[in-house]
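Here are the chains, one letter per residue:
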Amino acid sequence: QSIAQEVMSLLCMVLLTLTALVANTVVMLVILKTPLLRKFIFVCHLCVVDLLSAIFLMPLGIISSSSCFNRVIYSIAECQALIFLNVCFISASILTISIISVERYYYIVHPMKYEVKMTIRLAMAGVIFIWVKSVLITVLALVGWPQGNGATSASRCTVYWSPGAHKKAFVIIFSTVCFILPTIIIFAVYCSVYRVARMASQQHTSVPAQAAAPRQRSNSITSQVTIITTRNLPLPRLMPERFFLGSNKAILTLVLIVGQFLCCWLPFFAFHLHSSVTAGTVGGGHGEMVVTWIAYSSFAINPFFYGLLNRQIREELARLRRSCLNRPLGQELCLSVSEASVQENFLQFLQRATSTLETHASCISPSPRNRLDQTKVAFPIPGQVPE
């Protein structure tokens, strides 16, 4: 039975590593090969960090976790290198996720400010900040390590191998900076995102009521915009039950994103906090191996939640796959240059359940009336949240 469990755990670790390698590589290549998606800088950076973790960190984790490699011995320098990679990549991945959530917040809640202030220079400054902060935190983990030509087995190469009072301070700082603060930011940001999506849904449901009531003719700009927009909305589809259904889907989406982050990283940091605070408790063993690989699973899940969940990336991936297989592309993607925003349109995913504008069908086979209506509403409305 122990041999079967060992084989199953080894297969799971190898499968997670392969998934992280393939998924992060695919998302990164799609973003880099598509001009309209090249400003997904933070999503691409997250894929780079997770890919580096899958190349260097996860194979070393397999050696440290599996009993098949019990005879592998690390020198002090090799063990320090493993700890450096571990702390640095974990910090960079979590900090990138936090910046992605903040970027989404500004893109959705303050779209006008976002378009003006979000530049390549600012994005590169954010990437540099992530790595500088990650390296500084990693240096704290290597303080007080023994010097000389000592060695230890791979399974004992953890941050607790070199005991000392500073290890307790490091784990507290590491958990606060790389988990507690990012969790607070992610919760606050996605709650604001959900409020914006809910307000947008309520505005969609209130439009038919306004359109049904007779109104006197007015020449004001506001009345003209209201008449044009309400005339183009399919009134029978905007029903209250669809609004509640869409709200539930938006809640489910946010719960999945936040829940995935907590499920992967909460056991890891809770274990290390408990091991460092509790007197006489030394980390390591089976428990640390389990929570470590639960955390490593985030490297394989992130490209799906932050990359392939985006419709633009999925459509571009499908187009590239068809072109690589030399298949006819068929109908072109119903996504114009103005609609294919260079930033990740997270609100589009949230509002897809609540919004009932069937733009995809009208884009493939537009009727003369639709063409006329599209020409009338082709101007931007200041302050609107683009879908």
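Just so we're clear, the structure is a prediction, and the values are computed from it rather than from any experiment.

### Topic: the overall build of the protein
In terms of regular secondary structure, the protein is built from 13 helices and two strands. Out of the 387 residues belonging to the protein, those deemed buried represent 42%. Restricting to contacts in the protein with at least 6 residues of sequence separation, those with at least 24 account for 84%. Carbon and sulfur atoms provide 68% of the accessible area of the protein, an area that totals close to 20400 Å².

### Digging into the packing of helix α3 (residues 76-109) against helix α9 (residues 286-308)
Close contact between α3 and α9 brings their axes to 11 Å; oriented N to C, the two are set at 25°. Relative to α9, the element α3 is oriented roughly parallel. You can see that α3 and α9 cross each other, and the crossing is left-handed. Here α3 contributes Asn86, Ile90, Ser93, Ile97, Ile100 and Arg104 to the contact with α9, which in turn contributes Tyr296, Phe299, Asn302, Phe305 and Tyr306.

### Structural notes on the packing of aromatic side chains
Tallying each qualifying case throughout the model produces 13 aromatic pairs. Geometrically, the ring pair formed by Phe89 and Trp131 is edge-to-face, given 6.4 Å between the ring centres and 85° between the ring planes. Placement of the pair is Phe89 in helix α3 and Trp131 in helix α5 (residues 120-141), with a sequence separation of 42 residues. Looking at Phe89, the relative accessible area reads 6%, which means it is buried. Plain terms: the ring middles of Trp265 and Phe299 are 6.2 Å apart, the flat faces sit at 65° to each other, and that makes the pair edge-to-face. Of this pair, Trp265 sits in helix α8 (residues 240-277) while Phe299 sits in helix α9, placing them 34 residues apart in sequence. Each member of the aromatic cluster is reached from another via a ring pair, and the members are Phe170, Phe174, Phe179, Phe261, Trp265, Phe268, Phe269, Trp293, Tyr296 and Phe299.

### Considerations on the environment of Lys133
Turning to its location among the elements, Lys133 is positioned in helix α5. In sequence terms Lys133 and Ala92 are 41 residues apart; their C-alpha atoms lie 8.1 Å from each other. When sequence neighbours within four positions are dropped, the list of residues in contact with Lys133 reads Leu95 and Val177.

### Description of helix α1 (residues 2-33)
For α1, with 32 residues, the first-to-last C-alpha span of 46 Å sits near the 46 Å given by 1.5 Å per residue. If you check which residues of α1 are buried, you get Met13, Thr17, Ala20, Ala23, Asn24, Val27, Met28, Val30 and Ile31. Contacts from the buried residues of α1 go to α2 (41-65), α9 and α10 (311-324).

### A word on the UniProt feature "transmembrane region" (unreviewed entry) in the protein
What UniProt calls "transmembrane region" (unreviewed entry) maps, in this numbering, to residues 6-31, 40-63, 83-102, 122-145, 169-193, 250-270 and 290-309. For residues 169-193, the helix share is 100%, the strand share is 0%, and the end-to-end C-alpha distance is 35 Å. As annotated, residues 290-309 comprises 95% helix and 0% strand, and the C-alpha atoms at either end are separated by 27 Å.

### Some remarks on the packing of α1 against α2
Between α1 and α2, whose axes approach to 9 Å, the crossing angle comes to 160°. One way to sum up the angle between α1 and α2 is to call them roughly antiparallel. In this structure, α1 crosses over α2, and the sense of that crossing is left-handed. Here the residues of the contact of α1 with α2 sort into 20 nonpolar, four polar and one charged.

What counts, and where the lines are drawn
Residues numbered from 1 in each chain as written. Predicted model: local features only at pLDDT ≥ 70, side-chain atom pairs only at ≥ 80, totals over all residues. Heavy atoms only, no water. Helix = DSSP H or I, 4+ residues; strand = E, 2+ residues; numbered from the N terminus. Buried < 20%, exposed > 50% of the residue type's maximum accessible area, 1.4 Å probe, protein only. Contact = heavy atoms within 4.5 Å. Areas by Shrake-Rupley, 256 points an atom, 1.4 Å probe, with all protein chains shown as cover. Axes fitted to C-alpha atoms, helices over the stretch in contact; angles between N-to-C directions. Parallel < 35°, antiparallel > 145°, perpendicular 65-115°, else oblique. Left-handed = near helix turned anticlockwise from the far one by under 90°. Phe/Tyr/Trp six-rings, centres within 6.5 Å; stacked < 30°, edge-to-face > 60°. Expected span 1.5 Å × (residues − 1). UniProt positions renumbered as here; feature names shortened; annotations may be inferred. Nonpolar A, V, L, I, M, F, W, Y, C, P; charged D, E, K, R; others polar.

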